[in-house]
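Chain by chain, the residues:
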Amino acid sequence: MAPCLHVLADGQSLPVRALRDAVAERLKVTSSDREAKIPSGSFVFDNRMHWAITYMAQAGLVTRPRRAVVQITDRGKNVLRQHSDRVDNTVLAQFPEFTEFKSRSKETTPGSTEAQENADTVPPAESIANAVKLAHTALADELIERVRERDPEFLEHLVLRTLTAMGYGGSHGAAEHLGRSGDEGLDGVIRQDALGLDRIYVQAKRYGKSRAVGRPEIQEFVGALHGAQADRGVFITTSRFTPDAQQFAERIQARVVLINGIELAQLMIRHNIGVQVRDTYVVKRMDEDFFEDA
């Protein structure tokens, strides 16, 4: 991480490929070393560069202003002045954004205790599961940032595609985009049956990370549901919901499900929306039947 910051120290944005080459030169990484691969086929050096950038982005040391472009932040410059020789997770842990990222990567991981920090004490299967969880947590953050860069209509179509991928609409249903003038706050509808008797309405809000959806927006959505003579809806945002908004959604008679930005990204990953498989690992075990006496 420190060599990356040194290369970026002038404040200019740099393509990731150029950054990799500059860091390799700074560290005197040979061409043969750069050809080394991990078992899945990815290059070791490129993989470590990817995670260095990911971790520093989560801690706010660098930003990614455009696709495959990296730039140092003021916080990154301060860290470089204070830790010019080495930047590691201990340094990053002083920033709440990084600790929140790390905690999210452990929320649903079995055995997420202090033992996870020591690879020697974690069974291999759990280590793999933990690594996949961490990779998907970072991917979710990248996905939702990319969605925020697109226009609101992109988000509206995205949420309908995600919900249908989850099985809503069924084999005889349909999803329809409504996000246009006069939609009365309803961006889409999913008809669960061919006759449209069972309908789920959708509202999508493309908000920045710092802006939360409050109770007034949920009240407006509920009002739109009543106007459409519907009692079920899904409200999805690229940001988050205030506690007041969540409490209101839980108390009302209409069934309204709230999905925040990270949850949307996790659903995209689970149902292969906007993602593709990068690496595949096969873990084998003993076939006891093979050694049984006939």
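Residues numbered from 1 in each chain as written. Predicted model: local features only at pLDDT ≥ 70, side-chain atom pairs only at ≥ 80, totals over all residues. Heavy atoms only, no water.

## A closer look at the overall build of the protein
Counted only if it meets this: Labels follow the DSSP assignment, with helices taken as runs of H or I lasting at least four residues and strands as runs of E lasting at least two, numbered in each case from the N terminus. Using a 1.4 Å probe on the protein chains alone, a residue whose accessible area is under 20% of its type maximum counts as buried, one over 50% counts as exposed, and one in between counts as partly exposed. The contact definition used throughout considers only heavy atoms, calling two residues in contact when any of these lie within 4.5 Å. To measure how exposed things are, a 1.4 Å probe is used in the Shrake-Rupley method; for residues, cover is taken only from the protein chains shown. Only four residue types enter the charge count: Lys and Arg as positive, Asp and Glu as negative, with His and the chain ends excluded. Where a charge lies is defined by one atom per residue type: Lys uses NZ, Arg uses CZ, Asp uses CG and Glu uses CD.
Counting its regular elements, the protein contains twelve helices and ten strands. For the protein, the C-alpha atoms occupy an extent of roughly 70 × 65 × 35 Å along the three principal directions. Counting all 294 residues of the protein, 38% fall into the buried class. Counting contacts in the protein only where the partners sit at least 6 residues apart, residues at least 24 apart contribute 58% of the total. Carbon together with sulfur atoms contributes 48% to the accessible area of the protein, which is approximately 17,700 Å² in total. Of the charged side chains in the protein, 38 are positive and 41 negative; the average position of the first set lies 5 Å away from that of the second.

## With respect to the layout of surface pockets
Applied cut-off: A cavity here means a set of 1 Å grid points, computed over protein atoms only, where a 1.4 Å probe fits but cannot escape. A pocket is an open set with protein on both sides within 12 Å along at least 5 of 7 lines, and lining residues have an atom within 4 Å of a point. Grid points are joined across faces, edges and corners, and a volume is the space filled by probe spheres set on the points.
Empty space within the second largest pocket amounts to approximately 270 Å³. For the second largest pocket, the lining is made up of 13 residues, of which Val 23, Leu 27, Phe 45, Arg 48 and Met 49 are closest to its centre. For the lining of the second largest pocket, the elements supplying multiple residues, two or more each, are α1 (2-8) and α4 (44-59). Counting residues per element, the lining of the second largest pocket draws most heavily on α4, at five residues.

## Some words on the sheet that holds strand β4 (residues 174-177)
Where strands meet in a sheet, backbone hydrogen bonds hold them as pairs that are either parallel or antiparallel. How we decide: Note: two strands are recorded as paired if DSSP finds a minimum of 2 bridges between them. The axes are straight lines fitted to the C-alpha atoms, using for helices just the contacting stretch, and the angles between their N-to-C directions are given from 0 to 180°.
The strand order β4-β5-β6-β8-β10 describes an open sheet built from five strands, whose pairing is mixed. Unpaired on one side and paired on the other, β4 and β10 (255-259) mark the two borders of the sheet. Adjacent strand axes in the sheet meet at a mean angle of 20°, parallel and antiparallel pairs treated alike. Relative to β10, strand β8 (residues 232-237) runs parallel, the two sharing five bridges. Of the residues in β10, the one forming a bridge with Val 234 is Val 257. Packing of helix α10 (residues 215-227) onto the sheet brings it into contact with β6 (199-205), β8 and β10, and relative to β8 it is tilted by some 145°.

## Quick word on the pattern of salt bridges
Let me state the cut-off plainly: The working definition used for a salt bridge is a side-chain nitrogen of Lys or Arg within 4 Å of a carboxyl oxygen of Asp or Glu.
Going through the model one piece at a time under the given rule, you end up with 14 salt bridges. Arg 34 is the salt-bridge partner of Asp 21, the closest N and O atoms lying 2.9 Å from each other. Linking Asp 21 in helix α2 (residues 16-26) with Arg 34 in helix α3 (residues 31-34), this pair joins segments that are 13 residues apart in sequence. Asp 21 gets classed as partly exposed once you look at its relative accessible area, which sits at 37%. One salt bridge in this structure joins Arg 104 and Asp 141, with 2.9 Å as the shortest N-O distance. Of this pair, Arg 104 sits in helix α7 (residues 96-104) while Asp 141 is found in helix α8 (residues 124-149), placing the two residues 37 residues apart along the sequence. An identical accessibility class is assigned to Arg 104 and Asp 141; each is buried.

## Concerning the environment of Met 56
As for its position among the elements, Met 56 is in helix α4. Every residue in contact with Met 56, bar those within four places of it in the chain, is listed here: Met 1, Cys 4, Leu 5, Leu 61, Val 62 and Leu 92.

## Comments concerning the nonpolar core
Basically, it comes down to this: Only buried residues count toward a nonpolar core. Its members are Ala, Val, Leu, Ile, Met, Phe, Trp, Tyr and Cys residues joined through side-chain atoms within 4.5 Å.
Ranked by size, the top nonpolar core spans 29 residues in total, and within it Leu 5, Leu 61 and Val 87 carry the most contacts. When residues of this core are traced back to their parent elements, those giving at least two are α1, α2, α4, β3 (69-72), α5 (74-82), α6 (89-92), α7 and α8. For this core, the leading source of residues is α4, giving seven residues. Leave out the neighbours within four places in its chain, and Leu 61 touches Leu 5, Met 56, Ile 72, Thr 73, Arg 75, Gly 76, Val 79, Val 87, Leu 92 and Phe 95.

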